Structure formats: C-alpha cells, structure tokens
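Coordinate analysis (summary)
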Amino acid sequence: MDAVLRSEHSPFVGMYEPVGYASAPAARRRAAKVAERGQEELKKGIAELYDESSEMWEKLWGDHMHHGFYDKDASVSFSDHRPAQVRMVQEALAFAGITDDPLKKPKRIVDVGCGIGGSSRYLAKKYGAKCEGITLSPVQVKRAHALATAEGLEDQVSFQVADALKQPFPDGQFDLVWSMESGEHMPDKTKFVGELARVAAPGATIIIVTWCHRDLSPSEESLQPNELNLLNKICSAYYLPAWCSASDYVKIAQALSLEDIKTADWSENVAPFWPAVIRSALTWQGFTSLLRSGWKTIRGALAMPLMIEGYNKKLIKFAIIACRKPM
Ligand code: SAH
C-alpha cells in the first residue's frame, strides 16, 4: 500500500513522502523538514483556492460544493443538478445505514472539509443534531456562518478554520464523522483516516466520499505513466497531493481496526456532473464570474475537461468508503 500511496504523480508528492523511507537520521530530519514545508504550502494553496472561488461556485451551483448523484444513464436537464447534489448526501447516508430512528440518529456530527457548510446544515436539520465544520478557508467559514445564521441554525452548527490532519477536537466526540470530497486534498491518507477515527465516538459511523484512482491490478506496482501524467495535471490545478485507490482506503481502515467497512464505485452515477459544470462556466454569468475570481479559479476551470478524461479512461473513480468505530 505504501508503494501505491507514494506513487509519484503529484507535483506535491516529493514533499509528502513518508519520512521513514530516508535511511540516515540526518536525511530523515531533512526529509521531515521538506515534508512539513510542503504540507504548509499545500494548505496555503487550498485555502487560497477556496477563498477565491467559493463565492463564484455558490452563485452558479449553490451551497453544496460536490458532485451530484444521478441515476445511471438518465437524461439530465439543468434544473436537476442542485437536487442531484442533495441526493449525493442522501445516498451517502443511506449507503452507510444512517437511520432516522430518533433513538439512534446522530446527535453530534463533524463535517471535515465543510466548504460553505451545505452538508453541515442539511445534516443538522435532518437529525436535529449539532454539527461542527472545519475547512482551511477563512472565507468559507465566514460564509458558512452567515448562511447558518440566515437559517436560524447558529446554535446548532459552527465552523472554524482547522486542519483535518490535526483536528481541534478531543477524542471520541462525534457519532457521525462526515467527509464529503475533502479526502483528495489530504497529503497523508493514513493520518487523515486516523484523525477521523480518533474524533469518532465508539460505535460512530465514518463516511468518506472522495476522488480515487482505479485499483491496481495484482501485477501492477503503480499506475501507467500516461495515467500519472494526467493525474499530475489535475493535482496542480486543484491543489491535490498523490491520489490513492478505494482499496487503499479499505486497507487503512482495516489497519485502524475499523469495522463494517463498505465501499462503492459511484463513478457512473456522477457522470453528468462535470459536463454540466463546464456548461455553467461557459454561460455569460459563469464566464464573467470566473474572470473576476482570479487565476487559481480560472486554472481550476481549465482543468475540468481533464476530470472528464480521467473518468472516461476509468482512471478516476468516485468512491464512497463507510465504516464504524468499534464500541
Ligand atoms: N464538503 C464540502 C466542500 C468540498 S470542497 C461540500 O461538499 O460542499 C473541499 C473542502 O475541503 C474545502 O472546504 C477545503 O477547505 C477542505 N479541505 C481541504 N484540505 C483540508 C484540510 N487539510 N483540513 C480541513 N479542510 C480541508
């Protein structure tokens, strides 16, 4: 697994290699410093990207900054996309077996990589739960708070700037741990899942919905050079470190003794999403907002066809991983 997680396709990857691979202590210390600097640079890039682009995406797409979930091969019109994003949240909850039973429904939820709080508000309302969201973007925190206040949810949901790899919560706090399309930004997937498990209460459900690369075949040690090349370009545009596969997540969850581990490939269910995002960016409103947003947002928009290419080549997989912390 480590060999896979180290596959060198991200411009950030060298900076995130596990330190233990360097041989001599001095080399290890040097590698640790480089890794730390790299992680700070990545976090800064992610924060700036979302600070810059969130207003525009909210204008075009609303408060959910993630793929929509569609019936396979359904014909889709423009008004279907926002409901499809809400459906993604519902499908993830259903897949993980989260219940509406008043005695068993979640009461304390963490939304890791919360964006402007679309999931947080939905989950808080659905379950009458308290929800705490974390993001790297101060602009998102401010906007998430304003949207929650406008809905009268300010006592139920809260947001702060914090790192998912070092969450500002004590152990065992939450009975639902939610990460909707933030895992792909995490430079250390083992640490990421470890933190999700740490803040989970005994018996809590952990849901990760994230971009993965395809599983490797038994004879492969890494992806093919042309595949690495494509992911590399996507990593640069969206501030992503090296990707991993859904099986890698399963192995990490197993190593952490998490239970009831389930995963599914929803790539076909999200197929209409990126073409629709491209169409929305090409409207007059989309185009002018893009130009106003800044270079990081424009670069992200230019990389959108690469996501479609990745899905078409069956290199990119849209995955859900759900599991439970033992009682
Ligand atoms: N889950 C939200 C937003 C997805 S966009 C939604 O579905 O609407 C990705 C989010 O992950 C952004 O809010 C970004 O700030 C956050 N993120 C990326 N890396 C992070 C990290 N290390 N710690 C906390 N949040 C992170």
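Predicted model only: the values in this text are computed from it and were never measured. (Residues numbered from 1 in each chain as written. Predicted model: local features only at pLDDT ≥ 70, side-chain atom pairs only at ≥ 80, totals over all residues. Heavy atoms only, no water.)

1. Here we look at the overall build of the protein
What counts is decided by this rule: Secondary structure elements follow DSSP: runs of H or I of four or more residues count as helices, runs of E of two or more count as strands, with numbering from the N terminus. In this treatment the radius of gyration is a C-alpha quantity, and the globule benchmark scales as 2.2 Å times the residue count to the 0.38 power. Each residue's exposure class comes from its accessible area (1.4 Å probe, protein chains only) as a fraction of the maximum for that residue type: buried when under 20%, exposed when over 50%, partly exposed otherwise. Working rule for contacts: check all heavy atoms of both residues, and any pair within 4.5 Å makes them a contact.
For the protein, the count of helices and strands is 13 helices and seven strands. In summary, the protein has a C-alpha radius of gyration of 19 Å against a globular reference of 20 Å for 327 residues, a match within 12%. Counting across all 327 residues of the protein, residues that qualify as buried make up 52%. The long-range share in the protein, meaning contacts at least 24 apart out of those at least 6 apart in sequence, stands at 76%.

2. Concerning the packing of helix α11 (residues 284–293) against helix α12 (residues 295–302)
What counts here: To get an axis, a line is fitted to the C-alpha atoms, and for a helix only the part in contact is used. The angle between two axes follows their N-to-C directions and goes from 0 to 180 degrees. Reported orientations rely on four angle classes, namely roughly parallel under 35 degrees, roughly antiparallel over 145, roughly perpendicular from 65 to 115, and oblique for the rest. By the convention adopted, Pro, Cys, Tyr, Trp, Phe, Met, Ile, Leu, Val and Ala count as nonpolar, Lys, Arg, Asp and Glu as charged, and the other residues, Gly among them, as polar.
Closest axis-to-axis distance for the α11/α12 pair is 6 Å, and the angle between their directions is 130 degrees. Comparing the axis directions of α11 and α12 gives the class oblique. Every residue of α12 that contacts α11 at L290, L291 and S293 is listed here: T297, I298 and A301. Across the contact of α11 with α12, the residue classes tally to four nonpolar, two polar and no charged.

3. Quick word on unusual backbone geometry
Phi at D73 takes a positive value of approximately 60 degrees, unusual for a residue other than glycine. Residue position: D73 is located in the loop between α3 (25–61) and α4 (81–95). Positive phi, normally seen in glycine, also occurs at E181, with a value near 55 degrees. Assignment of secondary structure puts E181 in the loop between β4 (174–180) and α7 (189–199).

4. Focus on a positive patch on the surface
Counted only if it meets this: Residues form patches when they are more than 30% accessible in relative terms and have no salt bridge. Like charges link within 9 Å. Nonpolar side chains (Val, Leu, Ile, Met, Phe, Trp, Tyr) link within 5 Å. Method for areas: the Shrake-Rupley scheme with a 1.4 Å probe, in which residue coverage is limited to the protein chains shown. Any Lys or Arg side-chain nitrogen found within 4 Å of a carboxyl oxygen on Asp or Glu counts as a salt bridge. In this tally, Lys and Arg are treated as positive and Asp and Glu as negative; His is ignored, and so are the chain termini. By convention, charge coordinates are those of NZ in Lys, CZ in Arg, CG in Asp, or CD in Glu.
A cluster of like positive charges, contributed by R28, R29, K33 and R37, occupies part of the molecular surface. Within the fold, R28 resides in helix α3.

5. Some remarks on the site of the ligand
Threshold: Residues are classed as near a molecule or strand on a simple rule: at least one heavy atom within 4 Å of it. Here a polar contact means two N or O atoms within 3.5 Å. Within protein one must be a hydrogen donor candidate and the other an acceptor candidate, and residues neighboring in sequence count only if both atoms are side-chain atoms.
The immediate surroundings of the ligand are formed by 19 residues, with M65, G113, Q140, A164 and M180 found nearest. Between the ligand and G113, the relevant distance is 2.7 Å, taken from a nitrogen atom to a main-chain nitrogen or oxygen of the residue. Here an oxygen atom of the ligand sits 2.8 Å away from a polar atom, N or O, in the side chain of T135. Protein chains shield 98% of the accessible area of the ligand, which is 570 Å² for the free molecule. Split by residue class, the shell around the ligand holds nine nonpolar, eight polar and two charged.

6. Considering helix α5 (residues 118–127)
When you tally the buried positions in α5, you get eight out of 10 residues, the bulk of the element. The inward-facing, buried residues of α5 abut α4, β1 (108–112), β2 (130–135), α6 (138–150), β3 (157–161) and β4. Looking one or two places after α5, you find G128, whose phi comes out positive at around 60 degrees.

7. Some remarks on α11
Residues separated by three or four positions in an α-helix point in the same direction, a consequence of the helix having 3.6 residues per turn. Definition in use: For this quantity, the arc is that covered by the directions from the helix axis to the C-beta atoms.
Along α11, the positions that sit buried rather than exposed are G286, S289, L290 and S293. Viewed along the axis of α11, the buried residues span an arc of 105 degrees, placing them on a single side of the element. Set apart from the buried face of α11 by more than 90 degrees, the exposed residues are W284, L291 and R292. Each element contacted by the buried residues of α11 is listed here: α3, α10 (273–281) and α12.

8. Points about the packing of α3 against α6
With their axes 7 Å apart at the nearest point, α3 and α6 run at an angle of 35 degrees to one another. Facing α3, whose interface residues are Y50, D51, S54 and E58, α6 presents P138, V139, Q140, R143 and L147. Partitioning the contact of α3 with α6 into residue classes produces four nonpolar, two polar and three charged.

9. Describing a nonpolar patch on the surface
Taken together, the side chains of W284, F287 and L291 make up a nonpolar region of the molecular surface, amounting to roughly 390 Å² of accessible area. Examined against the element boundaries, L291 turns out to sit in helix α11.

10. Here's the deal with the UniProt feature "domain: Methyltransferase type" (unreviewed entry) in the protein
Heads up, the rule is: UniProt positions are given in the numbering used here, feature names are shortened, and annotations may be inferred rather than shown by experiment.
Listed under "domain: Methyltransferase type" (unreviewed entry) in the UniProt record, and renumbered for this structure, are residues 110–208. When the span residues 110–208 is considered, its composition is 34% helix and 30% strand, and the gap between its end C-alpha atoms is 12 Å.

11. Quick notes on the pairing of β1
Selection rule: At least two DSSP bridges between two strands are needed for those strands to be called paired. For the handedness criterion, the strands are oriented away from the viewer, and a crossover whose path from the first strand over the helix to the second runs clockwise is classed as right-handed.
Counting buried positions along β1 yields four of five residues, so the element is predominantly enclosed. With five bridges joining them, β1 and β2 adopt parallel strand pairing. Bridge pairing in β2 places V112 opposite I134. A crossover links β1 with its parallel partner β2, the connecting element being α5, and its sense is right-handed. Where β1 and β4 come together, three bridges link them in parallel fashion. Residue pairing across strands places V110 opposite V177, the latter belonging to β4.

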